[in-house]
Amino acid sequence: MQPQEEQINYRLSASRYIARRARKTLGALTYDIGLQALRCFLPDDPIRMSVILSRSDEVGWYVRLNEQMCRLSAGGMGMSSRRGEDAFTTRDAHVLSNVSFVSNKEIPGHKLQCLVDSSLGVEVLANVRLELCLVAFFEEFDRLLGRNHLFKRSIILIRTWWVYEANMSSACGISDSAFCTMILSILNRFHAKIHCPFQTLCYFLAEYSSLNFSRNVISIYGPIDVDLVRTRLSDS
């Protein structure tokens, strides 16, 4: 249970294309984050990327990149205008559309949005270091758990149910990182009893269907009463 190789290659090609635009415009490196980086995406998931900027470049970065990508969008691929070190293979050629930037609700700041080839959504944020750290943490847990990437396969199965069967992705407003943490919490506690993604789904439903989320927060060790968290934070 994993994305097809063709899907992975297409998304990597699209992210490389956006990364080159960011490198040329901002002089900065760009990295995949979230489910794209984990290779746990569903067909309708956007590519999420983070551009790494110095503090002096943080102001107005989205305006400059937006202008560059709008020019590309207006001119199509513009293959003939790309020469020298900016040239790339036809395999990595894409068309941008619906370029815009909006205030980011999850993280303070702005994010740039666009469509690649009129179908694949892309979101570009700046300096979301926590997201990069979480990707590394989830990758390490997946390697530690093993079992043919049981953690990642469980993410794909449970999110498939969550998005296409329960239709909960837009209603609950749970971030991808929080969702992965909920699944990690299950596997961290019940890994001795879980051997396939379907078992993870069963434990997921049993654990969270009756949990009072207004009174608990989810950690990698399980639910913790929110009052206890507040007490510990005030003591520290």
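Residues numbered from 1 in each chain as written. Predicted model: local features only at pLDDT ≥ 70, side-chain atom pairs only at ≥ 80, totals over all residues. Heavy atoms only, no water.

### Regarding the sheet that holds strand 4 (residues 110-116)
- Strand order in this open sheet of 5 strands is 1-2-5-4-3, and the pairing throughout is mixed. Since the sheet does not close on itself, it has two edges, and those belong to strand 1 (30-33) and strand 3 (96-103), each with one partner. Ignoring which end each strand starts from, the neighbouring axes of this sheet average 25° apart.
- One ladder, built from 5 bridges, connects strand 4 with strand 5 (residues 120-126); its direction is antiparallel. From the neighbouring strand, Val116 faces strand 5, where its bridge partner is Leu120.
- Helix-sheet contacts for helix 1 (residues 5-26) involve strand 1, strand 2 (47-51), strand 3, strand 4 and strand 5, and the interaxial angle to strand 2 is about 25°.
- Strand contacts of helix 4 (residues 129-145): strand 1 and strand 2, with the helix running at about 55° to strand 1, the strand carrying the most contacts. (Pairing = 2+ DSSP bridges. Helix = DSSP H or I, 4+ residues; strand = E, 2+ residues; numbered from the N terminus. Axes fitted to C-alpha atoms, helices over the stretch in contact; angles between N-to-C directions. Contact = heavy atoms within 4.5 Å.)

### A short note on the nonpolar core
- Counting residues in hydrophobic clusters, the biggest one holds 30 residues, and the most contacted among them are Phe151, Ile155, Ile183, Leu187 and Phe204.
- Listed in part, the 24 residues of the second largest apolar core include Ala14, Ile47, Val51 and Leu96. (Core = buried A, V, L, I, M, F, W, Y, C linked by side-chain atoms within 4.5 Å. Buried < 20%, exposed > 50% of the residue type's maximum accessible area, 1.4 Å probe, protein only.)

### Quick look at the pairing of strand 7 (residues 222-225)
- Both strand 6 (residues 216-219) and strand 7 contribute to a ladder of 4 bridges, which runs antiparallel. Counted as the bridge partner of Val217 is Ile224 from strand 7.

### Some points on the environment of Cys196
- Structurally, the position occupied by Cys196 is in the loop between helix 7 (176-190) and helix 8 (197-208).
- Counting along the chain gives 47 residues from Cys196 to His149, while the straight-line C-alpha distance between them is 9.9 Å.

### A word on the packing of aromatic side chains
- Summed over the entire model, instances satisfying the criterion amount to 12 aromatic pairs.
- Through successive ring pairs, a cluster of aromatic residues spans Trp161, Trp162, Phe179, Phe204, Tyr208 and Phe213.
- Between the NZ or CZ atom of Arg11 and the centre of the ring of Phe41, over which it lies, the distance is 4.1 Å.
- The residue whose ring lies beneath Arg21 is Tyr17, and the NZ or CZ to ring-centre distance is 5.3 Å. (Phe/Tyr/Trp six-rings, centres within 6.5 Å; stacked < 30°, edge-to-face > 60°. Lys NZ or Arg CZ within 6 Å of the ring centre and 35° of its normal.)

### What about helix 7?
- Here helix 7 contains 15 residues, and its C-alpha end-to-end distance of 21 Å stays within 8% of the 21 Å for a straight helix at 1.5 Å per residue.
- Every buried residue of helix 7 is accounted for by Ser177, Phe179, Cys180, Thr181, Met182, Ile183, Leu184, Ser185, Ile186 and Leu187. (Expected span 1.5 Å × (residues − 1).)

### What about the confidence of the model for the protein chain?
- The predicted model of the protein chain averages 88 in pLDDT, with 88% of residues at 70 or higher.
- Note on residues 78-90: pLDDT is under 50 here. Beyond four places in sequence and across chains, it has 15 contacts. (pLDDT = per-residue confidence, 0-100.)

### As for the pairing of strand 5
- With 6 of 7 residues buried, strand 5 lies mostly within the body of the structure.
- With 5 bridges connecting them, strand 2 and strand 5 associate as parallel partners. Residue pairing for strand 5: Ile47 is matched across the bridge by Val122.
- Two successive antiparallel strands, strand 4 and strand 5, enclose a turn made up of 3 residues, where Asp117 displays a positive phi of approximately 55°.

### Re the pattern of salt bridges
- Going through the model one piece at a time under the given rule, you end up with 10 salt bridges.
- A salt bridge links Lys111 to Glu123; the shortest N-O distance between them is 3.7 Å. Here Lys111 is found in strand 4, whereas its partner Glu123 is found in strand 5, with 12 residues between them in sequence. The same class applies to Lys111 as to Glu123, namely buried.
- The salt bridge partner of Lys152 is Glu139, with a shortest N-O separation of 3.0 Å. Taken together, the residues Lys152 in helix 5 (residues 150-165) and Glu139 in helix 4 connect sequence positions 13 residues apart.
- Taking the relative accessible area as the measure of exposure, Lys152 reaches 13% and is therefore buried.
- Glu139 sits in the buried class, given a relative accessible area of 19%.
- Ionic contacts of the salt-bridge type, sharing partners, join the residues Arg48, Lys111, Glu123 and Glu131 into one network. (Salt bridge = Lys/Arg side-chain N within 4 Å of Asp/Glu carboxyl O.)

### Some details on the packing of helix 5 against helix 7
- Direction vectors running N to C along helix 5 and helix 7 enclose 120°, while the axes themselves pass 10 Å from each other. In terms of orientation, helix 5 and helix 7 fall into the oblique class. Here helix 5 and helix 7 pass one another in a crossing that is right-handed. Contacts from Leu150, Phe151, Ser154, Ile155, Ile158, Arg159 and Trp162 in helix 5 reach Asp176, Phe179, Cys180, Ile183, Leu184 and Leu187 in helix 7.
- Classifying every residue of the contact of helix 5 with helix 7 by side-chain character gives 10 nonpolar, 1 polar and 2 charged. (Parallel < 35°, antiparallel > 145°, perpendicular 65-115°, else oblique. Left-handed = near helix turned anticlockwise from the far one by under 90°. Nonpolar A, V, L, I, M, F, W, Y, C, P; charged D, E, K, R; others polar.)

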